[in-house]
Amino acid sequence: MQQNLDDVYKDVVVIGNGPSGICLSYMLAGNWPYYNGNPHPGDEMLTARLKYSVGTQTPSRLDYNELKENEFDNRKQGKNLVENNQENLESLSLGLDGRGSRPLARLMDQLQHPCTDAGMDFPSLLTWKSPEQCPDHKIVDHVVLGKGPPGGAWHSLDPNILTISLSRWMSLPGLDLRHWEMLITAEKQRTNLNRNSMQEKIGACKPAKRVSIGTVAAYYRDYVTRQGLEKYFRCGTTITSVRENFDEKDNKRGYVWLVHGYENISRRTFSYKCRKVILATGTIDSLNRLGIPGEKAHNDWVTHDLNVLESRLNQMVNSQDSCSIMGEFKTKSKKTVDPILVVGAGLSAADAIMAARFRGIPVLHAFRDSSKDWNNEKQTFDRLKWLPVSIYPEYHKVYEMMADGGTNYPLYKALPGFTLMDVNETSKDDDNQSKEKRVTLCTPDGQLISYQVSHAAILIGARPDLSYLENNGFGLGKFRDLSIDSKWNPIEINDFTYEVIQAPRNGLYALGPLVGDNFVRFILGGAFAILVHIHSSSCK
């Protein structure tokens, strides 16, 4: 690698340029939320607390002549949320319903998406103001580092799959995804579309729908450009270490962290000295594995990646069609092709099952039996069950198949409670020229059973790559001796500042899936918490 020994000083370094990093950058760039004064449509107590803590402050008549127009508008709009202390934020967060696990995630979700869990589509109670509108908004000097383009892992997923969340929930502050889609359409048609007309059209529409992952990835990438955040982003980089800075001169100035990395193309190294480090890398860097015999040895037909599986399924179909055309596909038709094995009970496993059945390829599906095993896997099984059939018909159908066992569904066989023990190849003949791909599973009553398959997809989730942290991040979660996992062992943080509790020193934060906020709609609370804490710390 080319060495670059010049250190760059920044107040904040954000590691990860997915929606978490983008959302935080938008706020650090001086875009702050204001409560617009409208009542919450489903929570009178929250409305009362908002009016008391951050409600509108209409100036008296004596003040009119003394206030400039923008100052008057700001006074009328009320105090911005950023200048609330932790006591006020704790009060505002009391007793809120919602799916978010953390109080500020629930609060900001209720303000940005009022009553959304009840199926409503009310306008946001937040107004976002830029530093141009409010010069008193402080801009934090920061940089956002990411491996790929803005949007992070969204660019590596199958662009044709629909999101689980509705389009509105995928939106970042200041530009609703639906508004963005209308802007793109208007620009292609070279028509003018102002914000008011967009809002009227959005209000007249049916509730937000699911969108393709490709649309979401394009939205995040374009969002950075449209919001003027490009100057803060340094993409195409890999972080190699985040460590304490022991230089006394730097410490006196507050630069207590060192971040090292390199540019992916040029391989040139870089180094940042900063006051704060924010971990926002997501959690799908490293796919989970079972650690069973043969799992690593047969990468040509064993995979842990849904995209890879779909490519192989397409190759199977193309190969079969080719043989049929040439008259050579007589002994094994599509109906008798070896099945694929899918292991897992989550959404990726469901996608794999749908992909195979759509192509006419039979499926063996091994998963934990949630009706008997009241553990964490049950939560995933039930996640399919409770998805509304009107919005998620395909996932609801997979749940029905799992519950039915496959009796009434051709090309599908459920193996509830089965555990994959081994994957291997065996010779078909004495010449060892042809091999059978076989998987061995253990039944719930302890018997071993073997199946011949064409492919095996082990889709049991993923975990973050925290190799740039000391000890790979071990010790930062609730369970100190386990690796970080977004569902079972997220990074332990302060609920109102998002500081990492077990960090070696102050100034290390985490947000997004790393702390268990696994949906885009909940990252707003974490970004807001970090902004408030950085702002309040700088004012002391």
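Our structure's up above, just so we're on the same page.
An account of the accompanying structure is given in this report. Note that the coordinates shown come from a computational prediction; the quantities given were computed from them, not determined experimentally. (Residues numbered from 1 in each chain as written. Predicted model: local features only at pLDDT ≥ 70, side-chain atom pairs only at ≥ 80, totals over all residues. Heavy atoms only, no water.)

1. A short note on the side chain of Ser171
Within the fold, Ser171 resides in the loop between β4 (142-146) and α7 (177-189). Among the polar contacts made by the side chain of Ser171, one reaches the main-chain amide nitrogen of Leu177 at a distance of 2.8 Å. When sequence neighbours within four positions are dropped, the list of residues in contact with Ser171 reads Asp176, Leu177, Tyr219 and Val520. (Helix = DSSP H or I, 4+ residues; strand = E, 2+ residues; numbered from the N terminus. Polar contact = N/O pair within 3.5 Å; in protein donor to acceptor, adjacent residues only side chain to side chain. Contact = heavy atoms within 4.5 Å.)

2. Brief notes about the pattern of salt bridges
According to the stated counting rule, one finds 18 salt bridges in the structure shown. Arg505 serves as the salt-bridge partner of Glu244, at 3.8 Å between the closest nitrogen and oxygen. Here the residue Glu244 occupies a position in strand β6 (residues 237-244), and Arg505 occupies one in the loop between β18 (462-463) and β19 (508-510), the gap between them amounting to 261 residues. Exposure remark for Arg505: the relative accessible area of 25% places this residue in the partly exposed category. Here Arg438 and Glu436 are joined by a salt bridge, their closest N and O atoms 3.1 Å apart. (Salt bridge = Lys/Arg side-chain N within 4 Å of Asp/Glu carboxyl O. Buried < 20%, exposed > 50% of the residue type's maximum accessible area, 1.4 Å probe, protein only.)

3. A closer look at the packing of α7 against helix α9 (residues 213-226)
α9 packs onto α7 with a crossing angle of 80° between their chain directions and a minimal axis gap of 11 Å. By the criterion of interaxial angle, the relationship of α7 to α9 is roughly perpendicular. Residue-level inspection shows Leu177, Trp180, Glu181, Leu183, Ile184 and Glu187 of α7 in contact with α9, the latter providing Thr215, Val216, Ala218, Tyr219, Asp222 and Arg226. For the contact of α7 with α9, the residue count by class is 7 nonpolar, 1 polar and 4 charged. (Axes fitted to C-alpha atoms, helices over the stretch in contact; angles between N-to-C directions. Parallel < 35°, antiparallel > 145°, perpendicular 65-115°, else oblique. Nonpolar A, V, L, I, M, F, W, Y, C, P; charged D, E, K, R; others polar.)

Structural measurements only, silent on function.
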